[in-house]
Amino acid sequence: MPICPSCGESVPANARFCEACGTELRATAAVVSSPSTPTLACASCGAPAASIAADGYCGQCGMKQPAPGDHREVDLGPVAAVADIGLRHHRNEDAFAIAQVDVDGAAVRIIVVCDGVSSTADADLAAQAAANAACAILSTAAATDTATFEKLTADAIAGAQLAASAIPPKDGVTPSCTIVTGIASLADSAQASLTVGWLGDSRAYWMRGNELRQLSVDDSWATEQIAAGWTEEDAYNDTRAHSITRWLGADATELEPRIETLQVPRPSSLLLCSDGLWNYAPTTRALADRIAEQGTPASNLALARALTNFARDAGGHDNITVAIADL
Amino acid sequence: MATFTAEVFQNEYLAPNTDVVDAVVTVSVTGAPAVSTAGAATEIIIVDVSGSMNEEGGRKMAAARAATVAAIECIRDGVSFAVIGGREHAALIYPRRGLAVASNSTRGEARHLVERIEADGGTAIGTWLQLAAELTAENSNAISHAILLTDGKNQHQQPWELEQAIAACVGRFQCDCRGLGADWNVGELRKIASALLGTVDIIPDPDELSAEFTALMQHAMGKEVAGVALRLWTPQGSTIEFVRQVAPALEDLTASAVPINPLTKEYPLGAWGGDDSRDYHVRVRVPTASVGDERLAARVMLFVDSAQVAAGLVRAVWTDDEAKSTRINRQVAHYTGQAELADAIAEGLAAREAGDSETATVKLGRAVQLAHDAGNDNTVKLLGKVVDVDDPATGTVRLKREVSAIDAMTLDVRSTRTVRVKGS
């Protein structure tokens, strides 16, 4: 029996709504993809999967293979994402889910990125559950219904909150995570209809050529202080700078997501990322420069990988997620 | 059933762009059966019966006869054995040909013949080894072991002839070598013992010979597990810089490697006793990787009769955290010091021999310091017979004016004996 993507309850195969939470369960042609970890060749030297020993070392070059989840990639072509453990964390608590829905020949592209709060137990599970739930709800969109994108985004983040809250606390600590979602309809050949929503400090950017625009505003201590009149420098140099003021999870109190809708010219791109990337390029200018340095990557996956590597090379102090959709 | 364990001691953290990985591997066996299948063992006693054994009023030959008899008494029923008399040629003393199987009657016959050995002739140790190799070939599946006693140098043979004979014996049998008195050559016996996975020592006084032979044979009878080997897998592009046994004594195994496949080499370790424990220092150079990456630098596997019985991992993790990468593992540091100690003694004695007292003083002083630091009390004591120690902590020493040949040789031959890390 299928389950409700929002709350996880079992639902009849042809149900239109979940009886438990009321989520609309419309059948779609969605390609929803959360990362899995297939048996792969050596990530370092390319030796065949058969030469990887049970303890995770390559039998040719000896490199320790990434643990399941340490490095995840999903490539749907026009939508691609990479989540990487970075260099200092012991676990990859970032998560993403991406999807592409074709409705009457028009594409709807969806990205969700969640960043597990590393001071909380099982934050990785909460992040992945939240990303999956939000992506599943957004995938019920119909391309022509762009007017409903804001409502859908609010539903998706509410569904993500339910999913994240369902992960039980461990050692008395409640798991929590950030979320940023993006959904775009490409029904119009000249411009895309784009809605982003977020809680926390994972970011959404729109880009076209060398132009980059930050669409989200961090729910963070630093941002709030800047809004209250602090200088950017003072705010970001404070040890509390990166404390997030909103999040998902059973202990979350501020659950009203911020949602922005815009019409953007095509072709262009939507980029969502966790702070593991933008910490090394905090200003729009800096990130635009980093992206420009990558030249013209062959694909969204290539650009996501390149930006992930940039963050690793810059220190990799946090998990890094980069997800990109063509608009 | 014997249980083998392998434990790896290392600091796995490397600074960026460094590529040398050191590890000490402790291999231990416990619970080997008290009595092995008797037929699966061969013991050869090789006794020097050259003319020089008649010196000291026949004391040396008398001691050699008594010691050989004592050793024969230790051979368990069912074990194949033989006694070889060594001159410029080798001859079987017992049995008349081939191997005997130990029993009350064969041990009695052997004793009878050994007690009647007369010494005369020269010394060609290579021929003795050759005969031992031929004999052990008759029982090739067995744990084969020999005790070799000589009181002189390999005078009646070219060095290359000895080398060739040693090479032909490698893998056939293990050989513990003993030199009686001060007229034999430490280098020669060490070469034999090293190649044939045995020990070498000096017997300064003929009166000590019987006890030594008894101990050697009892120890050999306690060897229960044959065909033990260390295998090292190392990644593509790496080099094994060295593989050394570092306890109970230093023994460089690097050159004894037998390739198993392009990435795996095997180092034969011979037969092991019921409660044996040995340490190995492995140094591997591996291709560097990025900070945060982990590479397996070596998979250390212990094999008995081609079956893996224990394994350990030597890892390399690159970090830019200097607090981690600059730490030196205690075991690695200790055995690096023990190897330096052996080198310092060898170089110090060589300089002393060559009349270069300045170098000898520096090297032997350093040796005193290293032995003192490591708690290697026996070596400190032996060094004390060659130098007067003013301050062991700083290695301040003066060369003794008069040093007996026996004392210098004893220091030389025992310089490779190590101690384990204090308190572990």
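Conventions we followed
Residues numbered from 1 in each chain as written. Chains lettered and ligands numbered in written order. Predicted model: local features only at pLDDT ≥ 70, side-chain atom pairs only at ≥ 80, totals over all residues. Helix = DSSP H or I, 4+ residues; strand = E, 2+ residues; numbered from the N terminus. Buried ≥ 20, exposed ≤ 12 C-beta atoms within 10 Å, placed from the backbone. Contact = placed C-beta atoms within 7 Å. Pairing = 2+ DSSP bridges. Axes fitted to C-alpha atoms, helices over the stretch in contact; angles between N-to-C directions. Nonpolar A, V, L, I, M, F, W, Y, C, P; charged D, E, K, R; others polar. pLDDT = per-residue confidence, 0-100. Parallel < 35°, antiparallel > 145°, perpendicular 65-115°, else oblique. Left-handed = near helix turned anticlockwise from the far one by under 90°.

### Comments concerning the overall build of chain B
Within chain B one finds 11 helices and 20 strands. Here chain B holds 424 residues, and the buried ones make up 46% of them. Within chain B, contacts between residues separated by at least 24 positions form 74% of all contacts whose residues are at least 6 apart in sequence.

### Observations regarding the sheet that holds strand 3 (residues 79-84) of chain A
What holds strands together in a sheet is hydrogen bonding between their backbones, with the strands either parallel or antiparallel. Residue and element names in this part refer to chain A. In space, the six strands of this open sheet follow the order 2-3-14-13-9-10, with antiparallel pairing throughout. Looking at the sheet topology across the chains shown, the edges are occupied by strand 2 (71-75) and strand 10 (211-214). Across the sheet, the mean angle separating the axes of adjacent strands is 15° when strand polarity is ignored. As defined by bridge partners, strand 2 adjoins strand 3 across five bridges and the pair is classed as antiparallel. Each residue of the ladder has a partner; that of Glu 73, found in strand 3, is Val 82.

### Describing the pairing of strand 14 (residues 258-261) of chain B
The side chains of a regular strand alternate between the sheet's two faces. Residue and element names in this part refer to chain B. Here strand 14 runs beside strand 15 (residues 264-273); their pairing, made up of three bridges, is antiparallel. Note on strand 15: the bridge partner recorded for Pro 259 is Lys 265. The loop that links strand 14 with its antiparallel partner strand 15 comprises two residues.

### Comments concerning the interface of chain A and chain B
Frequently, the measure chosen for interface size is the accessible area removed from exposure when the parts meet. Counting residues at the interface gives eight residues for chain A and 11 residues for chain B. Residues of the side of chain A that touches chain B, tallied by class, amount to four nonpolar, three polar and one charged.

### Details of the environment of Asp 188 of chain A
Residues and elements named next belong to chain A. Here Asp 188 lies in the loop between strand 7 (179-185) and strand 8 (191-199). Exposure remark for Asp 188: the 13 C-beta atoms within 10 Å place this residue in the partly exposed category. Sequence separation between Asp 188 and Arg 266 is 78 residues; the distance between their C-alpha atoms is 8.9 Å.

### What about the confidence of the model for chain B?
All names here are of chain B. Confidence along chain B averages 91 in pLDDT terms, with 97% of residues attaining 70 or more. Summarising per-element confidence for chain B, the mean pLDDT is lowest in strand 11 (residues 223-233) (87) and highest in strand 9 (residues 174-180) (96). Model confidence for the complex is summarised by a pTM of 0.68, with the ipTM given as 0.76.

### Here we look at the packing of helix 1 (residues 59-73) of chain B against helix 6 (residues 209-221) of chain B
All names here are of chain B. At a minimum axis distance of 8 Å, the contact between helix 1 and helix 6 shows a crossing angle of 25°. Classified by the interaxial angle, the pair formed by helix 1 and helix 6 is roughly parallel. Note that helix 1 runs across helix 6; the crossing there is right-handed. Taking contact as the criterion, the partners of Ala 63, Ala 64, Ala 66, Ala 67, Thr 68, Ala 70 and Ala 71 in helix 1 are, on helix 6, Leu 209, Ser 210, Phe 213, Thr 214 and Met 217. Its residues assigned to classes, the contact of helix 1 with helix 6 comprises nine nonpolar, three polar and no charged.

### Remarks on the environment of Cys 45 of chain A
All names here are of chain A. Relative to the helices and strands, Cys 45 is located in the loop between strand 1 (31-33) and strand 2. Given 16 C-beta atoms within a 10 Å radius, Cys 45 is considered partly exposed. Measuring from C-alpha to C-alpha, the distance between Cys 45 and Gln 60 comes to 7.8 Å, with 15 residues separating the pair along the chain. For Cys 45, the contacting residues outside a window of four places in its chain are Cys 58, Gln 60, Cys 61 and Met 63.

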